[in-house]
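Examination of the molecular architecture
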Amino acid sequence: MTTDLRNPTVAGFHPDPSVVRVGDDYWLACSTFEYLPGIPVLHSRDLTTWTRVGHVVTRSDQLAVAHVPTGGGAWAPTLRHHDGLFWVAVTDALGRGTLLFTAQDPAGPWSDGTVVEVDGIDPDLAWDEDGTCYLTYSALRLTGDRVGAHDGIEQVRIDPTTGRALETPRSLWSGTGLMFPEAPHLYRHDGWWYLVIAEGGTERGHSVSVARSTRPDGPFEGAPTNPVLSARSTSRPVQNTGHGDLVQTPDGGWAMVLLGMRTRGATRGFSPMGRETFSTHVTWQDGWPVVDPVELTAPGAGSFRDDLDGPVPDGEWIGLRRTPAELMDLAARPGHAVLRGEGTDLDDPRAVFVGIRQAHHRSRFAARVDATAGLGGVAVRYDELHHYDVELGRGTVVARGRVAGIAQTWSAPAPGGPVTLWVETEPVTDVGFASMTSDVVRLGFDGPDGRVELAALDGRYLTAETAASFTGRVVGVYAVDGEVVVDAVTYDGRDD
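Since the structure is predicted, the reported quantities are computational estimates derived from the model, not experimental observations.

**A look at the overall build of the chain**
In terms of regular secondary structure, the chain is built from two helices and 35 strands. The globule rule puts the C-alpha radius of gyration for 496 residues at 23 Å, and the 23 Å found for the chain is close to it. C-alpha atoms of the chain, sized along the principal axes, occupy 70 × 50 × 45 Å. A total of 496 residues make up the chain; the buried ones form 58% of that total. Of the contacts formed within the chain by residues at least 6 apart in sequence, a portion of 57% connects residues at least 24 apart. Looking at charge distribution, the chain has the averaged site of its 41 positive side-chain charges lying 3 Å from that of its 66 negative ones.

Structure, rendered in structure tokens:
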């Protein structure tokens, strides 16, 4: 019996997946960049149904993301299990650097993080039979807030308890010659050490390539069929496939979890949800992995409701450079969240914004907002330069579209009292030549006489390709100044 796989495996902004099997349990972790809590941990028994059980980063001091530019923060975690401990190796880009976190229970709590003495990104952990720990990484040099030289895949033996490098790093393998060799993972299988990497960049040229050696430190020989997976120059509905991690399936076979993008539009040029987690089957032929193309499965649906009556924010919430607990006061008014503006709007990297991941092409996010003593609203955000919002305050409801420094607004008088504000997304199904966008994003509110739509905006400007961010759409609530009180938060989504 072949293990069933669902795609997307984890929908919405869940890039750079890493997976580990411990007994009959599977654990998966993903990148979170500038959002907190960081690095979600999900659990499955069948590689199909995944449930979030916690996060690696639940305290602000574990990652130095408070002032990183967009795209900084938690990059490409590797999740492993060794000697009774769970380990996560991750890059805190433009923050603390390469970090190792440990936990007895993958649901947490996790350690504060040990800094490792390497200069690179996308760290991987592997141990040989005598317990030697190998840290393999992509030698992309980050200097200040800029990307510097890229020197391929490197490796160094380390003491994982202290983060100390035990030798000078060595060059391991640079792939097939495509750009940005990165995301290395090292495994032992059938007497060989296999090195799986991504190359080609995380855009349309994204690929998975593999090499093998009789030793964990090489030399490595590339597979004759490299790249073993890529969707480039194909009509597949899932593009940008790469950054894969291998795992054995419950039926004794093999699978790969990886990132990909569900593209939309007549040219299939836009990905509203950004980079998501997918999975596919792997077989072994002549000592090399053969990876099946990623196939979409039956369309999914999902919903989220928050009555905001708990002592801490629901685990689905993520905050911009701060934890939701720092941004949402649930104690001031039971059944409500109070957000206190700091004079920063959504164009500011330190905006007071908390949200959940948009995970479906057809969706509606709504919240009842009381801005009697403040200014704020609901928004769908990609980054500081790309967001659509509908804002309440000072007797007016304002819809705003912000694209690369250009802004346009629409407004209407606000009803009295709290107002339900909403953001809806509707996929474009006409694939005619003129239909080059991905979806329509509608902004509005519920007035006393019913629905009031203020704007219907082109969704392509809130996609990975246009915003050029590594994250995905996040829909949520925000405050600009004063106190903004939120309740009745709902999200409903489905894919056609």
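**A short note on unusual backbone geometry**
Most peptide bonds are trans, and most residues other than glycine sit at a negative phi. Here the residue pair Asn7 and Pro8 is connected by a cis peptide bond, since its omega of 0° sits within 30 degrees of zero. Relative to the helices and strands, Pro8 resides in the segment before strand 1 (18-22). Across the junction of Leu36 and Pro37, the peptide omega takes the value 0°, indicating a cis bond. Among the secondary structure elements, Pro37 is positioned in the loop between strand 3 (35-36) and strand 4 (38-44). The backbone of Asp286 sits at a positive phi, close to 55°, despite the residue not being glycine. Even without a glycine there, the phi angle at Arg394 is positive, about 60°. The residue Arg394 is located in the loop between strand 29 (386-393) and strand 30 (396-403) in this model.

**Regarding the sheet that holds strand 20 (residues 238-248)**
Read from one edge to the other, the open sheet built from four strands follows the order 20-21-22-23, with strand pairing classed as antiparallel. Both edges of this open sheet fall to strand 20 and strand 23 (288-291), since each of them pairs with a single strand only. Looking at each pair of strands side by side, their axes are set apart by 35° on average, direction ignored.

**Regarding the environment of Thr168**
By secondary structure assignment, the location of Thr168 is in the loop between strand 13 (164-165) and strand 14 (170-173). The class of Thr168 is exposed, set by a relative accessible area of 64%.

**Quick notes on the pattern of salt bridges**
On inspection of all chains with the given rule, the structure shows 37 salt bridges. Here Asp492 and Arg305 are joined by a salt bridge, their closest N and O atoms 3.1 Å apart. Taken as a pair, Asp492 in strand 35 (residues 474-494) and Arg305 in strand 24 (residues 301-306) lie far apart in primary sequence, 187 residues in all. Between Glu483 and Arg340 there is a salt bridge; the shortest N-O distance is 3.2 Å. With Glu483 in strand 35 and Arg340 in strand 26 (residues 337-340), this pair connects stretches of sequence that are 143 residues apart. A relative accessible area of 35% places Glu483 in the partly exposed class.

**Some details on the nonpolar core**
Generally speaking, nonpolar side chains in soluble globular proteins are found buried as a group. Ranked by internal contacts, the top residues of the largest apolar core, which has 46 residues, are Leu339, Phe365, Val369, Val378 and Leu421. If we ignore the near neighbours within four places in the chain, the residues touching Leu421 are Phe365, Ala366, Ala367, Val369, Gly376, Gly377, Val378, Val390, Leu392, Val397, Gly444 and Phe445. Listed in part, the 20 residues of the second largest apolar core include Val56, Val65, Ala74 and Trp110.

Calculation rules
Residues numbered from 1 in each chain as written. Predicted model: local features only at pLDDT ≥ 70, side-chain atom pairs only at ≥ 80, totals over all residues. Heavy atoms only, no water. Helix = DSSP H or I, 4+ residues; strand = E, 2+ residues; numbered from the N terminus. Rg over C-alpha atoms; globule rule 2.2 N^0.38 Å. Buried < 20%, exposed > 50% of the residue type's maximum accessible area, 1.4 Å probe, protein only. Contact = heavy atoms within 4.5 Å. Lys, Arg positive; Asp, Glu negative; His and termini not counted. Charge placed at Lys NZ, Arg CZ, Asp CG, Glu CD. Pairing = 2+ DSSP bridges. Axes fitted to C-alpha atoms, helices over the stretch in contact; angles between N-to-C directions. Salt bridge = Lys/Arg side-chain N within 4 Å of Asp/Glu carboxyl O. Core = buried A, V, L, I, M, F, W, Y, C linked by side-chain atoms within 4.5 Å.

The analysis is restricted to geometry; functional conclusions fall outside its scope.
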